[in-house]
Amino acid sequence: MAAESAGPGPGPGPGPGSGSGSGSGSEPRPLCPEHDQPLRWFCCSERRLVCAACAGLAGRCRGHRIRRAEERAEELRNKIVDQCERLQLQSAGITKYVAEVLPGKNQRAVSTASAARELVIQRLGLVRSLCESEEQRLLEQVHGEEERAHQSILTQRAHWADALQKLDTIRTSLVDMLTHLDDLQLIQKEQEIFERTEEAEGILDPQESEKLNFNEKCTLSPLLTQLWATAVLHSLSGTEDVRIDERTASPLLQLSDDRRTLTFNAKKSKACADGLERFDHWPNALAATSFQAGLHAWTVNVQNSCAYKVGVALVQLPRKGSGSDSRLGHNAFSWVFSRYDQEFCFSHNGQHEPLRLLRCPAQLGVLLDLQAQELLFYEPASGTVLHTHHAAFLGPLFPVFAVADQTISIVH
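Residues numbered from 1 in each chain as written. Predicted model: local features only at pLDDT ≥ 70, side-chain atom pairs only at ≥ 80, totals over all residues. Heavy atoms only, no water.

A closer look at the overall build of the protein
Selection rule: What counts as a helix is a DSSP run of H or I of at least four residues, what counts as a strand is a run of E of at least two, and both are numbered from the N terminus. In this setup the radius of gyration rests on C-alpha atoms only. A globule is expected at 2.2 Å times the number of residues raised to 0.38. Note on areas: Shrake-Rupley with a 1.4 Å probe; residue coverage comes only from the protein chains shown. Charged residues are defined narrowly, with Lys and Arg counted positive, Asp and Glu counted negative, and His plus the chain ends left uncounted. To locate a charge, take NZ of a lysine, CZ of an arginine, CG of an aspartate or CD of a glutamate.
In terms of helices and strands, the protein carries six helices and 16 strands. Against the 2.2 N^0.38 benchmark of 22 Å for 412 residues, the protein shows a C-alpha radius of gyration of 39 Å, more extended than a compact globule. Taken as a whole, the protein presents about 21500 Å² of accessible surface, with 51% of it coming from carbon and sulfur. Across the protein, the 43 positively charged side chains and the 52 negatively charged ones have centroids separated by 4 Å.

A word on the pattern of salt bridges
Quick reminder of the rule: When a carboxyl oxygen of Asp or Glu is within 4 Å of a side-chain nitrogen of Lys or Arg, the pair counts as a salt bridge. Throughout this description, buried means an accessible area under 20% of the type-specific maximum (1.4 Å probe, protein chains only), exposed means over 50%, and partly exposed covers the range between.
Following the criterion strictly, the structure yields 18 salt bridges and no others. One salt bridge in this structure joins Arg 67 and Glu 75, with 2.7 Å as the shortest N-O distance. Overall, Arg 67 belongs to the buried group, its relative accessible area being 14%. Salt-bridge contacts for Arg 247 lead to Asp 245; the nearest nitrogen and oxygen are separated by 3.0 Å. Arg 247 sits in the partly exposed class, given a relative accessible area of 49%. Overall, Asp 245 belongs to the buried group, its relative accessible area being 11%. When salt bridges that share partners are traced, they join Arg 47, Arg 67, Glu 71, Arg 72, Glu 75 and Glu 190 into one network.

Overview of the confidence of the model for the protein
The following threshold applies: Confidence per residue, as judged by the predictor, is encoded in pLDDT with a range of 0 to 100. Contact between two residues is taken to exist if any of their heavy atoms lie within 4.5 Å; hydrogens are not considered.
Of the residues in the protein, 90% have a pLDDT of 70 or more, and the chain-wide mean is 86. Counting interchain partners and residues more than four positions distant, the pLDDT-below-50 stretch residues 1–25 has 52 contacts.

Re the sheet that holds strand 6 (residues 284–286)
In plain terms, the rule: Here the rule is simple: two strands pair whenever DSSP picks up at least two bridges between them. Lines fitted to C-alpha atoms define the axes, with helix axes restricted to the stretch in contact, and inter-axis angles between N-to-C directions lie between 0 and 180 degrees.
The strand order across the open sheet built from six strands is 6-15-8-9-10-11, with neighbouring strands paired in antiparallel fashion. Here the strands that pair on one side only, and so sit at the sheet edges, are strand 6 and strand 11 (351–355). Going across the sheet, the axis of each strand differs from the next one's by a mean of 20°, ignoring polarity. Sheet topology places strand 8 (residues 307–314) next to strand 15 (residues 397–403); seven bridges connect them, and they run antiparallel. Following the sheet pairing, Gly 311 is matched in strand 15 by Val 400.

Some thoughts on the state of the cysteines
Using the following cut-off: Disulfides are defined in this document as cysteine sulfur pairs within 2.5 Å.
Applying the stated rule across the entire model yields zero disulfides. Cysteine Cys 43 is unpaired, with the sulfur of Cys 61 as its nearest cysteine sulfur at 3.9 Å.

Describing the side chain of Asn 331
Heads up, the condition is: Whenever a nitrogen or oxygen atom comes within 3.5 Å of another N or O atom, the pair is scored as a polar contact, on the condition that within protein one atom can donate a hydrogen and the other can accept it, and that pairs from neighbouring residues in sequence are kept only if both atoms are in side chains.
Tracing the backbone shows Asn 331 in the loop between strand 8 and strand 9 (334–340). For Asn 331, a relative accessible area of 4% gives the class buried. Of the polar contacts made by the side chain of Asn 331, one reaches the backbone oxygen of Asp 325; its length is 2.9 Å. Setting aside anything within four residues of it in sequence, one finds Asn 331 in contact with Leu 317, Ser 324, Asp 325, Ser 326, His 348, Asn 349 and Gly 350.

A look at the nonpolar core
The line we're drawing: As used here, the term nonpolar core means buried Ala, Val, Leu, Ile, Met, Phe, Trp, Tyr and Cys residues forming a set that is joined through side-chain atoms within 4.5 Å.
In terms of nonpolar packing, the biggest core is built from 39 residues, with Leu 49, Val 50, Trp 160, Leu 174 and Leu 186 touching the most fellow members. Put simply, the parts of the chain that give this core at least two residues each are strand 1 (41–43), strand 2 (48–50), helix 1 (52–55), helix 2 (69–126), helix 3 (132–180), helix 4 (183–188) and helix 5 (190–201). Residues contacting Leu 186, with those up to four places away along its chain left out, are Ala 73, Leu 76, Arg 77, Ile 80, Met 177, Leu 181 and Ile 193. The next biggest cluster of nonpolar side chains, apart from the first, holds 34 residues, and it includes Ala 287, Phe 337, Val 366 and Ile 410.

Examining the side chain of Gln 83
Note on placement: Gln 83 falls in helix 2. With relative accessibility at 4%, the residue Gln 83 sits in the buried group.

Topic: the sheet that holds strand 3 (residues 66–68)
Taken together, three strands build an open sheet; the order of strands is 2-1-3 and the sheet is antiparallel. In this open sheet, the two edge strands, each paired with only one partner strand, are strand 2 and strand 3. With direction set aside, neighbouring strand axes in the sheet form an average angle of 40°. Relative to strand 2, strand 1 runs antiparallel, the two being bridged by three bridges. Pairing of Cys 43 across the sheet is with Arg 48, part of strand 2.

Topic: helix 5
Rules: Each helix should span, by expectation, one fewer than its residue count multiplied by 1.5 Å. Taking the helix axis as origin, the arc is that swept by the directions to the C-beta atoms.
Over its 12 residues, helix 5 runs 16 Å from end to end, which matches the ideal 16 Å to within 8%, given 1.5 Å per residue. Within helix 5, burial applies to Glu 190, Ile 193, Thr 197 and Ala 200. Along the long axis of helix 5, the arc covered by the buried residues comes to 85°, so they all point the same way.

Some details on the pairing of strand 15
Where burial is concerned, most of strand 15 is hidden: seven out of the seven residues are buried. Burial of strand 15 is two-sided: the residues Leu 397, Pro 399, Phe 401 and Val 403 facing one way and the residues Phe 398, Val 400 and Ala 402 facing the other way are all buried. Bridge count between strand 6 and strand 15: three bridges; the pairing is antiparallel. Among the inter-strand pairings, Ala 285 is bridged to a residue of strand 15, identified as Phe 401.

Listed below in structure tokens is the structure:
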């Protein structure tokens, strides 16, 4: 017999009904059917109550791990208390999630859906005669995505309400056992206690899920983007008076009288007075006009150059030195479409995304939508969208240019 079984034996002990624990003494202890002695011991090997004779050296449980019934009952009580505390914490976490996280998710989904719907309607307004069916399709997608997000949130709410109810039921049941059962009855309920504990452990805590968020990609449409870019080009043609700020033009660039054409010259011009605004190393130049809100578009003739950059930049763009700080596309202050020989790419903050173009564009259109926080490059001749970039632009944006071969010109 194991060490814990040293106590039991055939000698006299507490009479039937004696013992510690909740409910002790309220009813006579059941007797062993084999030895007609009180069941005061618990055989851990056979997981059942036994008498002292069963646990003795000549009993059927000799060599088994034996414990007093009161000790086993106390262990189960402690386990129930610990489990009830865990259930209470889990319920509090779920309650907080349902009360604080899900309403915010729902509000953000509705808000994002509203903004997306407004953007779709605004763009389709420019090309309504060409894409009535596309408008309807996209609005249905936005509505469907909004409904999906809303339904997902409702499903989550229902799921966690059910989980809370299950946890409450389990906790109530365990507390009831703890309160009303005596030692023997509690031991006999051990399997049920285990099953209820296992059921509670199977209810996982809430996790972040993209299913609860509105998917803004539902508004993406290649047809809409292409038609929209073409419509903007025609509607804004000639309205944007984009000219170069001569104070910023690099000494490597020659500026035309109308301030719309930049020509690269490998020899630095000595006529350029140095100033804080001027780029002193890279062949860059900023426009004189900046944009802080609204929709803007301009076109650059690039057919004569095999090395150029066109895009937008913040006023914080450094102007001095040969480092990457003042090199377009190599810092956090500039977003540019660039060409070097037959290679094209979009660059920002030192990240360069190669673009596969079937042909070299003769003209490059730039479309800046500050409401949608979108920068788009396209080929006006075909209406082909070359690249689209979404970013949180923090501050007024200036059209920016660089040329290291021949000439580029702003089309007016």
